[in-house]
Amino acid sequence: MATWLIYALGGGWGHLNRAIALGRQAATHHQVRILTNSPYAHWVETQLPQIDFSPSVLQNLSLQILPLASVAETRHQVQAIVQAQNYDCLIVDTFPRGLGGELVDCFPLLSSIPKVLIHRDIDPAYVQAKQVGKFVAHYYDTLVIPGEGDDVPFAYFPQAVQTLPWLMLNAQALPSVSPTEQPTIVVVAAGNQEEMAFWGQLMARLLTNFPAVTCRCLAYTCPPHCPPHLWVQEWPGMPVLNQADVVIGGAGYNTVFECQALGKPLISFAWPRQYDRQQHRGQRWAKLVETPQVAIDTVKSLLQTPRDQRESQNYGNGIGDAISIIETQYSQR
Amino acid sequence: MQIQLVWTDPNSGKIYKPQLQPPVALGRSFNLMPGTHASQAVSRIVLDADTVQAFHALLEIRQGSVWLCSQADSQINGVTVTEGVLTHGDRIQVGPFELTFTVVLDVIEEEEEIQDAVPAARVNQGKTPLAGLAQVAAELPGQTAKALGRSSGEWVCDRTIGFLFKRRCDRTTALGCPYCNNGQSKLDQDPYWLDYDLYPNFGSYRPGNWGYEYYRDRAYYCYNRESRNVDFTEADAASFEEESDTDYEMNFGAS
Ligand SMILES: [Zn+2]
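Along each chain, residues carry numbers from 1 onward, in the same order as the chain's sequence is written. Both sets of labels track the order of writing: A upward for chains, 1 upward for ligands. Reporting in this predicted model follows two pLDDT cut-offs: at least 70 for local features of residues, and 80 or more for side-chain atom pairs to be given and counted; totals over whole chains, interfaces and linings ignore these cut-offs and use all residues. Side-chain descriptors were evaluated using all non-hydrogen atoms of the structure, hydrogens and water having been removed beforehand.

Oppositely charged side chains are able to pair whenever their charged atoms sit close together. All names here are of chain A. Any Lys or Arg side-chain nitrogen found within 4 Å of a carboxyl oxygen on Asp or Glu counts as a salt bridge. Tallied over the entire structure, the rule returns 12 salt bridges over all chains. With a shortest N-O distance of 2.7 Å, Asp93 and Arg18 are connected by a salt bridge. With Asp93 in strand β4 (residues 89-93) and Arg18 in helix α1 (residues 14-26), the pair connects residues that are 75 residues apart, well separated along the chain. The rule is simple: take the accessible area with a 1.4 Å probe, protein chains only, and divide by the maximum for that residue type; under 20% is buried, over 50% is exposed, in between is partly exposed. On the basis of relative accessibility, which here comes to 1%, the residue Arg18 falls in the buried class. A salt bridge links Arg277 to Asp121; the nearest nitrogen and oxygen atoms lie 2.9 Å apart. Of this pair, Arg277 sits in the loop between β12 (266-268) and α10 (278-285) while Asp121 sits in the loop between β5 (115-118) and α5 (124-129), and the two are 156 residues apart along the sequence. Of the residues examined, Asp121 reaches a relative accessible area of 2% and is grouped as buried. Taken together, the shared-partner salt bridges in this structure form one network comprising Arg120, Glu148, Asp276 and Arg281. Only DSSP runs of H or I reaching four residues or more are called helices, and only runs of E reaching two or more are called strands; each is numbered from the N terminus.

Another aspect to go through is the sheet that holds strand β6 (residues 142-146) of chain A. Residue and element names in this part refer to chain A. In space, the 7 strands of this open sheet follow the order β3-β2-β1-β4-β5-β6-β7, with parallel pairing throughout. Edge positions in the sheet fall to β3 (61-65) and β7 (160-163), since each has one partner strand and no second. Shown here is a sheet whose adjacent strand axes are inclined to one another by a mean of 20°, direction ignored. Two strands qualify as a pair provided that DSSP identifies no fewer than 2 bridges between them. Alignment of strand β1 (residues 3-7) against β4, held across 4 bridges, turns out to be parallel. Paired with Tyr7 across the two strands is Val92, which belongs to β4. Whenever a helix is involved, its axis is fitted only over the stretch in contact; in every case the axis is a line through C-alpha atoms, and angles between N-to-C directions fall within 0 to 180 degrees.

In this fold, Asn37(A) is placed in the loop between β2 (31-36) and α2 (41-51). On the basis of relative accessible area, Asn37(A) is assigned to the buried category, the value being 18%. Pairs of N or O atoms are called polar contacts if they sit within 3.5 Å, as long as, within protein, a hydrogen donor faces a hydrogen acceptor (for residues adjacent in sequence, only side-chain-to-side-chain pairs). A distance of 2.8 Å separates the side chain of Asn37(A) from the backbone oxygen of Phe252(B), its partner in a polar contact. Here, residues are in contact when the closest pair of their heavy atoms is within 4.5 Å. For Asn37(A), the residues in contact, after removing those within four places along its chain, are Leu9(A), Gly10(A), Leu66(A) and Phe252(B).

Residues and elements named next belong to chain A. For α10, the full list of buried residues reads Gln278, Arg281 and Gly282. Buried residues in α10, looked at end-on, bunch into an arc of 100°, giving them a common side. Structurally, α10 contributes buried residues whose contacts are with α9 (253-262) and β13 (287-288). In this description, one arc is meant: the one made by directions from the helix axis to the C-beta atoms.

Moving on, we come to the state of the cysteines. Residue and element names in this part refer to chain A. A pair of sulfur atoms, both from cysteines and within 2.5 Å, is called a disulfide here. One pass over the structure, following the stated rule, counts 0 disulfides over all chains. A disulfide-free cysteine, Cys217 has its sulfur positioned 4.6 Å from the sulfur of Cys226, the nearest such atom. Take Cys217: its relative accessible area is 0%, and that puts it in the buried class. Here Cys222 stays free of any disulfide, with the sulfur of Cys226 as its closest cysteine sulfur at 4.3 Å. For Cys222, a relative accessible area of 26% corresponds to the partly exposed category.

Moving on, we come to the sheet that holds strand β10 (residues 231-232) of chain A. Residues and elements named next belong to chain A. The 6 strands are arranged β10-β9-β8-β11-β12-β13 in an open sheet whose pairing can be described as parallel. Pairing within the sheet leaves two strands with one partner each, and these edge strands are β10 and β13. Alignment of strand β11 (residues 246-249) against β12, held across 3 bridges, turns out to be parallel. Bridge pairing in β12 links Ile248 to Ile267. Packed on one face of the sheet, helix α7 (residues 193-209) meets β8 (184-189), β9 (214-219) and β11 and runs near 165° to β8.

Once that is clear, we can look at the environment of Thr160(B). Residues and elements named next belong to chain B. Residue position: Thr160 is located in strand β13 (residues 160-161). Thr160 gets classed as buried once you look at its relative accessible area, which sits at 11%. Each C-alpha atom, one on Thr160 and one on Ser185, is 8.8 Å from the other, the two residues being 25 residues apart in sequence.

On to the packing of aromatic side chains, then. Residue and element names in this part refer to chain A. Ring geometry is summarised as follows: Phe, Tyr and Trp rings, the Trp one being its six-membered ring, pair when their centres sit within 6.5 Å, and such pairs are stacked at plane angles under 30 degrees, edge-to-face over 60 and tilted between the two. Enumeration over the complete set of coordinates arrives at 22 aromatic pairs over all chains. The interplanar angle of 75° and the centroid separation of 5.1 Å between the aromatic rings of Tyr40 and Tyr220 together place this pair among those described as edge-to-face. In this pair, Tyr40 is assigned in the loop between β2 and α2 and Tyr220 in the loop between β9 and β10, connecting sequence segments 180 residues apart. Residue classification places Tyr220 among the partly exposed residues on the basis of a relative accessible area of 28%. Judged by centre distance (5.6 Å) and plane angle (20°), the rings of Phe107 and Phe135 are stacked. Of this pair, Phe107 sits in the loop between β4 and β5 while Phe135 sits in helix α6 (residues 132-139), and the two are 28 residues apart along the sequence.

What follows is about the layout of surface pockets. Cavities and pockets were defined on a 1 Å grid built over protein atoms only: a cavity is a set of grid points that admits a 1.4 Å probe from which the probe cannot escape, a pocket is an open set flanked by protein on both sides within 12 Å along at least five of seven lines, and lining residues are those with an atom within 4 Å of any such point. Grid points are joined across faces, edges and corners, and a volume is the space filled by probe spheres set on the points. Each pocket or cavity is described by its volume, and for the largest pocket that value is around 790 Å³. Here the nonpolar group is Ala, Val, Leu, Ile, Met, Phe, Trp, Tyr, Cys and Pro; Asp, Glu, Lys and Arg are the charged ones; every other residue, Gly included, is treated as polar. The class makeup of the residues in the lining of the largest pocket is 18 nonpolar, 18 polar and 7 charged.

Set out below in C-alpha cells:
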C-alpha cells in the first residue's frame with residue numbers, strides 16, 4: 001500500500017474538494033493524506049462518513065489540517081511536512097511552487113519522490129511573474145489536467161495528461177431525484193463576507209421575482225438577508241445541485257464542472273480571485289452575467305423552456321483515470 | 001582575511017587543509033608561480049598533475065572578496081570560469097584536483113581544539129563586510145553557540161543555507177528545517193547545488209549579469225547589519241523581480 005500526500009492548500013472549496021474527490025477513491029487501495037488549510041476542512045471531516053461508509057476508506061483517508069498561522073509559520077510547517085518524505089508520491093493541487101512559494105526550497109531535496117501537479121487553470125500573470133513554467137518543467141514528472149483541456153498555461157508541456165473533470169460523486173452514487181411540480185433554483189453561495197451579502201440579497205430578489213419557484217441557497221453559513229429555512233448546509237453539494245432546474249453561482253472549478261456533469265444550466269457571476277480566472281472559465285462553461293437583474297432575466301428565459309425532469313445522464317468522472325496515471329508514477333521507478 | 005583550502009591528493013590520497021592569507025597561487029610548478037603579487041607575498045600551492053598548468057590560477061582579495069583568476073581551465077562549482085568570486089563552501093576544480101574553499105576569520109584560542117575536528121572554520125560576523133557574494137557565516141559547530149554571544153547552552157543550527165547569499169541557518173531548532181535538511185546536511189553541502197545550472201552566471205555580480213541588481217539591492221532583503229546576514233532564498237527571489245509581482249505568494253487563503 002503506497003502513501004500519497006496531496007498538497008491542497010488554498011482558500012475556498014475548490015482545492016479541498018478536488019483533493020477529497022481524488023483521495024476518497026484512491027483510499028480504497030492507498031493511504032492518502034490531504035494537507036489543507038481550508039476554513040471548511042474541520043466541518044468537511046465530520047461529513048466524510050456520510051459519503052464513505054466503508055471503514056477502510058475512512059481509515060486510509062486523513063485530512064492534515066494546518067492551524068491558522070502567519071505566512072512564515074505556515075510556510076515552515078508545510079516545508080516540515082513535505083520534507084519528512086514519509087510518503088511515496090507527492091500530488092500538488094494548482095500551485096506548483098506552493099501557495100506561498102514554500103515548495104521551491106524543498107524540491108531540490110526531494111529528487112527521489114515522484115511529483116504530480118493537478119493543473120487547474122492559473123492566472124498567466126502569476127505564471128510569468130514567478131517563472132512558474134520553468135519550475136514545473138524541471139520538477140514535475142506529470143501534470144494531470146482535470147477537465148479544462150488545452151485552456152491552461154502548461155497544457156502543451158510534454159508531461160501533461162488530460163482527464164475528464166474531477167467530481168466528488170460518480171453518477172451511480174448520486175441519489176435519484178423525485179419529480180416536483182415547481183421548478184427549483186439553487187444559488188451556490190461561497191466566498192468572503194462581501195460576496196455572502198451579495199448572495200443573500202440575490203436570494204431576496206429571487207423570492208420576490210419568482211413566487212412560484214422553489215429557491216434554495218447552498219452555503220456553509222446562511223448569508224445575510226437569506227431566510228434561514230431556504231438555506232441548505234450540505235456537503236458534498238452535488239445531490240443538491242441535482243435537484244435544480246437552474247443554478248446561480250460563481251465560476252469556480254467545482255460549481256462549473258458539477259453543473260456541467262449534471263446538465264444543469266449555470267448562471268455565473270465571475271468573482272475576482274488572485275490566481276483563478278473565473279471570468280475565463282465562465283465564458284466557456286457558463287452563462288456569465290454581471291448584475292442581479294440580468295441574472296433574473298436569464299432565469300426567466302430559462303424557465304420558459306419546457307422542464308426536463310429526466311434523471312441526469314450518466315456523466316463521466318476523471319478521477320478513475322487520474323488514479324491510474326498517478327499509480328504509474330511510482331510503480332515504474 | 002584567512003582562507004582555507006581543503007583537497008585530497010588524487011595520487012596519494014592524502015588530505016590537505018592549509019589555512020592561508022591570499023594571494024594564493026595554484027599550479028604544477030613552484031618555481032614558475034609568482035612569489036609576489038601586487039607587492040604581497042604569494043602562498044604557492046603545488047598541484048602535481050599533467051592537466052594542471054605550471055601557474056594555473058591565482059586567488060586574490062579584491063574589495064573584500066576573494067576572487068579566482070585563472071590562466072587556464074578552472075571550474076567553480078562545476079562551472080568553467082576564467083575569473084569569479086569565491087563563496088564559502090565553493091568547489092574549485094583545477095585539473096583532477098577539487099579544492100573546497102572556506103573563509104577563516106579571527107579564530108579564538110578556546111575553540112582551537114574544535115578546529116581539528118571540524119574542517120571548516122568560522123567568520124567573525126561583526127567585522128566582515130558584506131562584499132562580493134555574501135561573506136558566508138561559516139560552519140560554526142552548533143555546540144559553540146556561546147561564542148556568538150548567545151546564552152550558553154542554546155543550540156543553533158550551524159549549517160550553511162541560502163541561495164543567492166549564503167549564510168548560517170541559525171535556527172534554534174533544526175526540526176523540520178528544509179534549508180539544512182533537519183540539520184543533517186553535510187557541513188560543506190550546499191542545498192542549492194542542483195539549482196545553479198538553472199541560473200547561468202550564478203554568482204556573478206558585475207553590471208550586465210542578472211545577479212547585479214540583487215546584489216546592489218541586498219540591503220532591502222531583510223539585511224541584518226549586525227550579523228551581515230541576508231535572509232534571502234530562492235523562494236524569496238522572484239519577489240524582487242517586479243514591484244507589481246510582490247503580492248503573489250503572500251496569502252495562504254487565496255485560491
Ligand atoms: Zn537549519
